[in-house]
Amino acid sequence: MHISSLFNFQVFLTGFNNIPPPEIYRPVVLWHGLGDNYNGSGIHSVNDLISGLYPGIFFHSIYIDEDPSGDQQKLLFGDANKQVDQVCDQLKSIKQLASAEGIDAIGFSQGGVLLRGLIERCPHLSFHNLITFGSPHMGVMEMPLCKDPRDWICKRRNELLKKQVWNDNVQRKVLPAQYFRDPFEYEKYLKHSFYLADINNERNEKNASYFTNLTKLNKLALVTFTEDTTVVPKESAMFCDIDTNWKQTIPFDKTNLYVEDYIGIKRLHELGKIDFHFIEAAHMAISDEFVEEIALKYLGNT
């Protein structure tokens, strides 16, 4: 029997034999991380796993460039603010997302901090759950590590970028620099940060809409990699900060961002809407079993 005919037959039976209709699931969007692209094999694997659990679920992999190589490059050299605006328009143009009562969003590494900015700045879409994996919500103190430790060109590039990280040209053109946040140079960060200082509402002038939009979430799930050496400090993935006097990690609920509730993290936490998860592995070393666990917990039915 043809698929469409089979579906019509099921609808017919539903009306007469009280057979429940097919499940309707919340759509899912995913924003990949640095060094990957929207059409990569890992993204397809995640899509296949989620679709296996929820047949027929709508899945959209966010892109900046439809050419995969271009997409990968623009997640290194780009403007985070323009990309967030571009993706807001991209998602609004997709009818399954524009009309959805709730969208579940997954962010891998850099993609997670971009997705959070999107949720804060794109109120035209309704987001339900946000799950981030190793995302630098409180920034990074080091540039992304070179994949090959013997790649001296990459190392030299990172050294130069770190020295010039507060330069306006670097801030506007190098995307990882836009979420660079060194607590030991906090005033420079507040003055020059092109992206993170704004979406974290850390400057004196606060944007109340960021609080309003983020606190609409049903759940914020924060995944931290315990052996992470790419996101430094790794605790940034769960909104922790660094005490510059004691040179120790400030607990999640003792940071200024939490205590003063700049973006609604305290409100979400008090409502029991923040979950913490840990993977005992290096950055982005995620097993299928863990993805399945997260999918079963946070994705699925409306």
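Before reading on, note that the structure itself is shown above.
The sections below set out a description of the structure shown in this document.

The rules we used
Residues numbered from 1 in each chain as written. Predicted model: local features only at pLDDT ≥ 70, side-chain atom pairs only at ≥ 80, totals over all residues. Heavy atoms only, no water. Phe/Tyr/Trp six-rings, centres within 6.5 Å; stacked < 30°, edge-to-face > 60°. Helix = DSSP H or I, 4+ residues; strand = E, 2+ residues; numbered from the N terminus. Buried < 20%, exposed > 50% of the residue type's maximum accessible area, 1.4 Å probe, protein only. Disulfide = S-S within 2.5 Å. Contact = heavy atoms within 4.5 Å. Polar contact = N/O pair within 3.5 Å; in protein donor to acceptor, adjacent residues only side chain to side chain. Pairing = 2+ DSSP bridges.

## Digging into the packing of aromatic side chains
Under the definition given, this model contains 9 aromatic pairs. Relative to F276, the ring of F252 has its centre 5.0 Å away and its plane inclined at 80°; by these criteria the two rings are edge-to-face. A residue pair is termed long-range when its members are at least 10 positions apart, and F252 in the loop between strand 7 (248-250) and helix 12 (256-259) and F276 in strand 8 (residues 274-279) qualify at 24 residues. On the basis of relative accessible area, F252 is assigned to the buried category, the value being 8%. A relative accessible area of 29% means that F276 is categorised as partly exposed.

## As for the state of the cysteines
Inspection of the entire model under this criterion finds 1 disulfide. The partner cysteine of C88 in its disulfide is C122, sulfur to sulfur 2.0 Å. Looking along the S-S bond of the C88-C122 disulfide, the torsion reads about 75°, which is the right-handed sense. Pair noted here: C88 is in helix 4 (residues 80-92) and C122 is in the loop between helix 6 (110-121) and strand 4 (127-133), with a separation of 34 residues, a long-range link. Taking the relative accessible area as the measure of exposure, C122 reaches 1% and is therefore buried.

## Observations concerning the side chain of S109
Considering the arrangement of structural elements, one finds S109 in the loop between strand 3 (103-108) and helix 6. Taking relative accessible area as the criterion, S109 reaches 11% and is therefore assigned buried. Leave out the neighbours within four places in its chain, and S109 touches G33, F133, G134, S135, P136, H283 and M284.

## Section: the side chain of N129
Mapped onto the elements of the fold, N129 is located in strand 4. At 3.0 Å, the side chain of N129 forms a polar contact with the side chain of N218. In contact with N129, other than residues within four places in its own chain, are R26, I103, D104, A105, L217, N218, K219 and Y298.

## Some details on the pairing of strand 5 (residues 219-225)
Of all 7 residues in strand 5, 6 are buried, a share of seventy percent or more. Note: strand 5 against strand 8, 6 bridges, orientation parallel. Each residue of the ladder has a partner; that of T224, found in strand 8, is F278.

## A look at unusual backbone geometry
Here the bond from V232 into P233 is cis, since omega is 0°, no more than 30 degrees from zero. Here P233 lies in the loop between strand 5 and strand 6 (241-243). The phi torsion at K247 lies on the positive side, around 55°, for a residue other than glycine. Its place among the elements puts K247 in the loop between strand 6 and strand 7. By relative accessible area, K247 is classed as exposed at 63%. Although it is not a glycine, M284 adopts a positive phi angle of roughly 60°.

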